[in-house]
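# Fold and contact review
Listed below, chain by chain, are the residues.
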Amino acid sequence: MMRLYDYVLSPSCYKVRLMAALAGVSLELRPVDFHPGAEHRGPELLSLNPAGSLPILVDGDLVLTESSAILVYLAGKAASQWLGRASPVDAAREQQWLSFSSRLTTSLGSARLHEMLLRPGDIGALQAAGIAALRELEAGLVEQRLQGRAFLVANAPTVADIACFPYVALAPDGGISLDPYPAIRLWSRALRALPGFIEMPGIHRLHELKPEPLLEPGVV
Amino acid sequence: MTDDTASAQAMTDEWYPVGLISQLDKTGRQTALMGEPIVVAHDADGQALVTGHNGRRLPVKLRYGHVWSSLGTPKKDIFAIPEADQPGRRFVDVGVVRVRCSPLRAVENFLDIAHFPFVHTDVLGAEPHTEVLNYTAEIRPDVDEVWATEVKFYQPQASKSASGGITTEYMYRVPAPTCSVLYKTCPPRPTEWDVITLFVQPLAEDLCDVWPWMALFDDETAMTDLIHFQQMIFLQDRSILENQVPRLLPLDPGMEIPTRADLTSIAYRRWLKRHNYTYGAQLVAR
Amino acid sequence: MRSDTTGFWTPVALSADVLAGTVIPARVSAGIIALWRSQSGHVAASADRCPHRGMSLSHGFVRGEALSCIYHGWSYGQDGRCVRIPAHPGLTPPETIRVTTYAVRESDGIVWVAEGTPASDPPSLAGWIPLRTLTVEADREAIETAAGASASADGLLETTRADERLCLLLSPSQQVRTGMQTVTHVLVADGCLPPVRIAASRSAERLRRMAETAAEKGRLP
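The rules behind the values
- Residues numbered from 1 in each chain as written.
- Chains lettered and ligands numbered in written order.
- Predicted model: local features only at pLDDT ≥ 70, side-chain atom pairs only at ≥ 80, totals over all residues.
- Heavy atoms only, no water.
- Helix = DSSP H or I, 4+ residues; strand = E, 2+ residues; numbered from the N terminus.
- Buried < 20%, exposed > 50% of the residue type's maximum accessible area, 1.4 Å probe, protein only.
- Contact = heavy atoms within 4.5 Å.
- Areas by Shrake-Rupley, 256 points an atom, 1.4 Å probe, with all protein chains shown as cover.
- Lys, Arg positive; Asp, Glu negative; His and termini not counted.
- Charge placed at Lys NZ, Arg CZ, Asp CG, Glu CD.
- Rg over C-alpha atoms; globule rule 2.2 N^0.38 Å.
- Phe/Tyr/Trp six-rings, centres within 6.5 Å; stacked < 30°, edge-to-face > 60°.
- Buried area = accessible area lost by both parts, 1.4 Å probe.
- Salt bridge = Lys/Arg side-chain N within 4 Å of Asp/Glu carboxyl O.
- Polar contact = N/O pair within 3.5 Å; in protein donor to acceptor, adjacent residues only side chain to side chain.
- Nonpolar A, V, L, I, M, F, W, Y, C, P; charged D, E, K, R; others polar.
- Core = buried A, V, L, I, M, F, W, Y, C linked by side-chain atoms within 4.5 Å.
- Domains from an automatic or database assignment.
- Pairing = 2+ DSSP bridges.

### Comments concerning the overall build of chain A
In terms of helices and strands, chain A carries seven helices and four strands. The linear arrangement of helices and strands in chain A, starting from the amino end, is β-α-β-α-β-β-α-α-α-α-α. Along the first, second and third principal axes, the C-alpha atoms of chain A reach 60 × 50 × 40 Å. Residues classed as buried in chain A amount to 57% of the 220 residues present. For chain A, restricting intrachain contacts to residue pairs at least 6 apart in sequence, the fraction spanning at least 24 positions comes to 64%. Roughly 8,700 Å² of accessible area belongs to chain A as shown, and the carbon and sulfur atoms make up 56% of that amount. Of the charged side chains in chain A, 19 are positive and 22 negative; the average position of the first set lies 2 Å away from that of the second.

Structure representation (structure tokens):
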């Protein structure tokens, strides 16, 4: 089984957990004490990934770092429909948004770590960069919708959507409102309603997907 | 913000968590306590040192994995948690999480079980098991603490070590205005209680650092798993706490509508009012 | 907005952006409200605060014909009355538990919320169709300057300043934490094709940049 070096509050690790859940791949989770223990900067983890970042995926002899690469690997192995390879345009768009997703990490992600786990940073600059990235994503999604596509590459989700979704959904953790972005809201909801979707802390269950339970006293 | 000095004074003389003992260093943690910038460090001899405005030395105590301090002159010791001295327990420093909310709202949320099915879905609660059965909540005059007992709730995954759903029994205790201790069914030892605490450091009236801490009977689960489980639970609460209006805890009974399920919260608010513990509270509707 | 003595309509969202069975936050003069569409398609608006513990209702969820709070699942009907308290399944919530509601109208693809009691209907947008909603970090005046045109009493403004022919439907500008903000609905001529719509969306972004740059300069001493 593939082993994921994982931190429960990391949106980048969540990308991998989410992709695996949607693709039906089982992962062995190896929890890393990122906070407060800083285990990702300890000798064992640094020998696997000198960059000191999470996630790390180990599959036999293969060691992969960088969440976008791991998403491509999982999809390629188990769910190739998640790769936007139908045309050169799709392949290029997918790459574009995978690259873009790292800007979400450095802006929205860093704002979140600052506001929530007290990591250093210029919060004003991080939030401004986050808002610029959200506006870019919103514009891209509007154009996709105008062409009849609900997701970033096509009318079906790809690894690009999974790469962008977590930091966007958790932007409010870093003090950045999602209220001004209707297209992002629709896209986010479409992803959250996918069969097999799993949450992470900060992303609530879509309770409306479940019917109202018949409540009777004493069912406890 | 309230500038009511009497209320500020009542809470000034209390102890608050300001850092983890395990993370004390020479550089120090630059933080704040009730609006005053403070530094939490250790000196050349390894002694914990908390410094306030203009370099004034603040009182220091080391207890329950954390460094505690106060801006005033505490009249009593930090509240006792006898279980912290019980052999066989594992102590878990969960680490800090900052929340843009009143420290009192953070504590009140910790005392609430009715939100479990909606906020901690499939972990601490799940529909249709939403009913809150009758329980007892009181201000105990002998110890001057808020207590809730015989609290029962169905939980799909009550703890990291739990496999499958169980009806969990809880007791809640509020021994200090921004601290709460939860006693919870301990699956490996039915005669004991697991202890889960929420220690809240008030940075400002609408901003706090939350330090969860646990003393558990669990020899099986890896420490990191225990930390992650509790961080997961608290981070599910954080987005709720940052979206309550008003940010300050309303003590005016007309502002919010409690039901029988909120008896602990009612007792907590009454106790806060009685003691003038109103830093982070809103007394009249604004 | 045209403000008669009794009230006015504020355009808060595109109909297409409020899916059945969802709730979104929307901005009116009084602040944020919860705008939701029931499963059967009925749009309703209420105060964005659950009276139980003050949680924002726009973070909640919609099941059937009721809006529920994400915190404890308290549910409210379109008339604002609390219909369900999950912690007490046997209890019929007392009539006194309710949220303030607002009158809502849907016309020409826009959701309008009444502030006060408007004497007339929302303005007609005949000939235009809604494209998207943009939040502009600038006041109405800066947008008018950027567009080179003035808005009508209904908040409508037609411009070709950024190449494409656009109609902007401006909500009243509001003071927020970061400065002035104007929720702007972008409309295009009915019947235009996707490439024109995409160009119009880009033109609207360009106008926003121009308005925000102008507002930024205006803020400098």
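### A look at the overall build of chain B
Across its full length, chain B holds five helices and 17 strands. Over its C-alpha atoms chain B spans a radius of gyration of 18 Å, differing by no more than 12% from the 19 Å that the globule rule assigns to 286 residues. Expressed as a percentage of the 286 residues in chain B, the buried residues total 61%. A sequence separation of at least 24 residues applies to 62% of the contacts in chain B between residues at least 6 apart. Carbon and sulfur atoms provide 51% of the accessible area of chain B, an area that totals close to 10,900 Å². Side-chain charges in chain B split into 27 positive and 37 negative, and the spacing between the mean points of these groups amounts to 3 Å.

### Notes on the packing of aromatic side chains
All names here are of chain B. Taken as a whole, this structure holds 20 aromatic pairs over all chains when the rule is applied. Note on Phe-79 and Phe-199: the rings are 6.2 Å apart at their centroids and 55° apart in plane angle, and the pair reads as tilted. One end of the pair, Phe-79, is in the loop between β7 (66-69) and β8 (90-93); the other, Phe-199, is in strand β14 (residues 193-204), with 120 residues separating them in the sequence. Here Phe-79 matches Phe-199 in class, with each residue buried.

### Some details on the interface of chain B and chain A
Taken residue by residue, the interface counts 35 residues in chain B and 29 residues in chain A. Of the roughly 2,700 Å² buried where chain B meets chain A, counting both sides, 57% is carbon and sulfur surface. Per-residue buried area on chain B facing chain A is highest for B:Glu127, B:His228 and B:Leu235; these three make up 20% of the total on that side. Run the count over chain B and chain A and you get three salt bridges. Note that B:Asp122 and A:Arg205 form a salt bridge whose closest N and O atoms lie 3.0 Å from each other.

### Some points on the interface of chain A and chain C
On the chain C side, the residues contacting the 24 residues of chain A number 30 residues. For the chain A and chain C pair, buried surface summed over both sides reaches about 2,400 Å², with 56% attributable to carbon and sulfur atoms. It is A:Arg135, A:Glu143 and A:Leu146 that lose the most area in chain A upon contact with chain C, and together they represent 25% of the buried surface on that side. Among the salt bridges present, the one from C:Arg63 reaches A:Glu212, with a minimum N-O distance of 3.7 Å. Along the contact surface separating chain A from chain C lie seven residue pairs in polar contact (both at pLDDT 80 or more). Looking at the side of chain A that touches chain C, the elements that each hand over two or more residues are α5 (123-146) and α7 (182-192) of chain A. With seven residues, the single largest contributor to the side of chain A that touches chain C is α5(A). Residue composition of the side of chain A that touches chain C, by class: ten nonpolar, three polar and eleven charged.

### A few points about the nonpolar core
Within the largest apolar cluster, 100 residues are counted, with the highest numbers of intra-cluster contacts made by A:Leu54, B:Tyr172 and B:Tyr268. Per element, the largest residue contribution to this core is nine residues, and it comes from helix α4 (residues 223-241) of chain B. Among the nonpolar cores identified, the runner-up in size contains 82 residues, and A:Leu22, A:Cys164, C:Leu134 and C:Ala147 belong to it.

### Re unusual backbone geometry
Omega for the bond connecting A:Leu54 with A:Pro55 falls within 30 degrees of zero, at 0°, which places this linkage in the cis form. By secondary structure assignment, the location of A:Pro55 is in the loop between α2 (43-48) and β3 (56-59). With an omega dihedral of 5°, the bond running from B:Glu127 to B:Pro128 counts as a cis peptide bond. In this fold, B:Pro128 is placed in the loop between α3 (116-119) and β10 (136-140).

### Focus on the domain arrangement of chain A
Quite often, the size of an interface is put as the accessible area lost when its parts meet. Residues and elements named next belong to chain A. For chain A, the assigned domains are domain 1 (2-80) and domain 2 (82-192). Each partner contributes residues to the interface: domain 1 has 19 residues there, and domain 2 has 17 residues. Counting each side, the surface lost to burial between domain 1 and domain 2 is near 1,600 Å², with a carbon and sulfur contribution of 70%. By the criterion of area lost to domain 2, the three top residues of domain 1 are Pro-11, Lys-15 and Val-72, representing 28% of everything that side buries. Where domain 1 touches domain 2, the interface holds zero salt bridges. Broken down by secondary-structure element, the contributors of at least two residues to the side of domain 1 that touches domain 2 are α1 (11-23) and α3 (67-78). With seven residues, α1 is the single largest residue contributor to the side of domain 1 that touches domain 2.

### Overview of the pairing of strand β10 (residues 104-107) of chain C
Residue and element names in this part refer to chain C. Sheet topology note: the β10/strand β11 (residues 110-116) ladder contains four bridges and is antiparallel. Looking at the pairing, Arg-105 lines up with Trp-112 of β11. Following β10, the chain reverses through two residues before pairing antiparallel with β11; Asp-108 in that reversal takes a positive phi of roughly 55°.

### Observations regarding the pattern of salt bridges
Side chains that differ in charge, positive against negative, can pair when their charged atoms come close. A full pass over the atoms with the stated rule returns 40 salt bridges over all chains. For A:Glu136, the salt bridge identified is with A:Arg103, shortest N-O distance 2.4 Å. Residue A:Glu136 is located in helix α5, and its partner A:Arg103 is located in helix α4 (residues 88-117); the two are separated by 33 residues in the primary sequence. Residue classification places A:Glu136 among the partly exposed positions, given a relative accessible area of 35%. Since its relative accessible area comes to 39%, A:Arg103 is described here as partly exposed. A single network of salt bridges, built from pairs that share partners, joins B:Arg105, B:Glu108, B:Glu256, B:Arg269, C:Arg49 and C:Arg53.

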